[in-house]
Amino acid sequence: MSSQTISPIPGQTTKKIEVALGNRSYDILIDSGLLQHAGTLISQLRPDVKCSIVTDENVAQHHLAPLQKALSSSNIPSEAIILPPGEGTKSFNALSSLVETLLSHEIERGDLVIALGGGVIGDLAGFAASILRRGVDFVQIPTSLLAQVDSSVGGKTGVNSNYGKNLIGAFHQPILVLCDLDVLTTLEPRQFRAGYAEVVKYGLIKNEEFFTWLQTNRNEIYALDKQSLTHAIQTSCSMKANIVALDEKEHGVRALLNLGHTFGHAFESLTGYGDKLLHGEAISIGMVLAFEFADKLGICKPSETQKVTAHFKAANLPTRIEDIPGAQEFTSKMLIEKMRQDKKVERGDMVFILPHKIGKAVVTRQISEPTLHDFLEEKLAIS
Ligand code: GLY
């Protein structure tokens, strides 16, 4: 599955990647200016719809008015639901009140929910769309790098539970994803860096050449150079689209996208899913730990671990457990308890994504708890 170039915006070339899922296939478009043309793009797909836009207070400040203007210029009526920012919004309570508000907006089966925001808004609004009237269509307009390269693509939607992250949810594919490069200019640098960790993940799991390209081009990406940023987002989304088309419900290869996530989700859970540790920061540390663990198990060379650690450090991302606020309170027992709640647990056995080298990660089931315990004890003793 390769990306194509189209011209929905006069004078511009837009990258288009198809997520091939039969009659649920959809396009991811990558370009600047897509938000301003969202009305035209949506009305081409669904003429005569009405929309509810779900967003958060921070994103609304910058991007809600332009989106509503674009929709109304294509005669698409819309109402906005503005939620508090942050992972706390990805809760069952927020979901329940969102669904009631969508019903009060009289959003019908043929209408659309638009998720305008980062991963929290995309996951919550997508889940609400999946259960509203037993399923209405939704469009993702991701406004963070993390959402553009990962969470807006592939139909994972849901909310967090007290038992762990994303444990309540559904697969519900969007009908369109608009990755507008312009919206990244308003993103806080820390959020941008956290999203970059997910970009690196694609190189580490399956594409050594992309990792090498990132080593050379990271500065340009951080400077929002359009060409470099487009290449990074396009490569990430193409890889994700391929993986999702092969294994939509994560029975096999899709699990690779969770490299670093078993460790990472445990850290997020222990730090309360807040600003102390962003998801991308948690998985940056998690991916380094996955390399170190593979190294300890003798399946990956230490030189690979060093290259990965050096790249995350250069990218100003955390790489060690001790980089996490409050890490001195962590014990291996606490971490293992959290890991046991991971969605990948199969009949009580933890499933790890472990690298054999940069560009080759595998799903690994034969990890005994004492081996994991020893590894975590070693890591906690250093921190
Ligand atoms: N974020 C991992 C996945 O979508 O499968």
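Look up: the structure comes first, before these words.
Report on the accompanying structure. Every value quoted in this text rests on a predicted model; they were computed, and no experiment measured them.

With that settled, the discussion passes to the packing of helix H7 (residues 208–222) against helix H8 (residues 226–246). Geometrically, a packed helix pair is captured by the angle between its two axes and the distance between the axes. Contact pair H7 / H8: the axes reach a minimum separation of 9 Å and the direction vectors enclose 140 degrees. Considering their axes alone, H7 and H8 lie oblique with respect to each other. Once H7 is placed against H8, the crossing between them reads as left-handed. Across from Phe210, Trp213, Glu220 and Ile221 in H7, the residues of H8 making contact are Ser228, Leu229, His231, Ala232, Thr235 and Ser236.

Our next topic: the sheet that holds strand S1 (residues 4–6). Reading across from one edge, S1-S2-S3-S10-S7-S6-S4-S5 is the order of the eight strands in this open sheet, with mixed pairing throughout. Every interior strand has two partners, whereas the edge strands, S1 and strand S5 (78–83), have only one. On average, each strand axis in the sheet is tilted by 20 degrees relative to the strand beside it, whichever way the strands run. Here S1 pairs with strand S2 (residues 14–19) via three bridges, running antiparallel.

This part is about the site of the ligand. Looking at the ligand, the residues that line it are Asp150, Lys156, Lys240, Glu250, Arg254, Leu257 and Asn258. One of the side-chain nitrogen or oxygen atoms of Arg254 is found 2.7 Å away from an oxygen atom of the ligand. Compared with its free state, where it exposes 200 Å², the ligand has 90% of that area covered by protein. Looking at the shell around the ligand residue by residue, the classes come out as one nonpolar, one polar and five charged.

What follows covers the environment of Ser236. Position of Ser236 among the secondary structure elements: in helix H8. Owing to a relative accessible area of 0%, Ser236 belongs among the buried residues under this scheme. Linking Ser236 and Val149, residues 87 residues apart in sequence, is a C-alpha distance of 5.7 Å. In this view, Ser236 contacts Val149, Val199, Tyr202 and Phe210; residues no more than four positions away in its chain are not counted. Separated by 2.7 Å, the side chain of Ser236 and the backbone oxygen of Ala232 make a polar contact.

Counting 100 residues, the largest nonpolar core has Leu204, Phe263, Phe267 and Leu372 as the members making the most contacts within it. Tallying contributions element by element places helix H10 (residues 279–296) first for this core, with ten residues. Those residues in contact with Phe267, other than ones at most four positions away along the chain, are Leu277, Ala282, Ile285, Leu289, Ile321, Ile324, Phe330 and Leu335. Formed by 20 residues, the second largest nonpolar core is a distinct cluster that contains Val54, Ala115, Phe127 and Phe138.

All right, on to the packing of H7 against helix H11 (residues 302–314) then. Their axes nearest at 11 Å, the elements H7 and H11 cross at an angle of 30 degrees. Once H7 is placed against H11, the crossing between them reads as left-handed. Residue-level contacts link Phe211, Leu214, Gln215 and Arg218 of H7 to Lys307, Val308, His311 and Ala314 of H11. Here the contact of H7 with H11 is built from residues that sort into four nonpolar, two polar and two charged.

Summed over the entire model, instances satisfying the criterion amount to 21 salt bridges. Residue Asp31 pairs with Lys226 through a salt bridge whose shortest N-O separation is 3.0 Å. Taken together, the residues span a long stretch of sequence, with Asp31 in strand S3 (residues 26–31) and Lys226 in helix H8 at a distance of 195 residues. Across the pair Asp150 and Lys240 runs a salt bridge whose closest N-O atoms are separated by 2.8 Å. Here Asp150 is found in helix H5 (residues 145–151), whereas its partner Lys240 is found in helix H8, with 90 residues between them in sequence. The pair formed by Asp150 and Lys240 is uniform in burial state, with each residue classed as buried. Taken together, the shared-partner salt bridges connect Glu87, Lys90, Asp123, Lys165 and Glu268 into one network.

The rules behind each value
Residues numbered from 1 in each chain as written. Predicted model: local features only at pLDDT ≥ 70, side-chain atom pairs only at ≥ 80, totals over all residues. Heavy atoms only, no water. Axes fitted to C-alpha atoms, helices over the stretch in contact; angles between N-to-C directions. Helix = DSSP H or I, 4+ residues; strand = E, 2+ residues; numbered from the N terminus. Parallel < 35°, antiparallel > 145°, perpendicular 65-115°, else oblique. Left-handed = near helix turned anticlockwise from the far one by under 90°. Contact = heavy atoms within 4.5 Å. Pairing = 2+ DSSP bridges. Near = heavy atom within 4 Å. Polar contact = N/O pair within 3.5 Å; in protein donor to acceptor, adjacent residues only side chain to side chain. Areas by Shrake-Rupley, 256 points an atom, 1.4 Å probe, with all protein chains shown as cover. Nonpolar A, V, L, I, M, F, W, Y, C, P; charged D, E, K, R; others polar. Buried < 20%, exposed > 50% of the residue type's maximum accessible area, 1.4 Å probe, protein only. Core = buried A, V, L, I, M, F, W, Y, C linked by side-chain atoms within 4.5 Å. Salt bridge = Lys/Arg side-chain N within 4 Å of Asp/Glu carboxyl O.

Geometry only, nothing functional implied.
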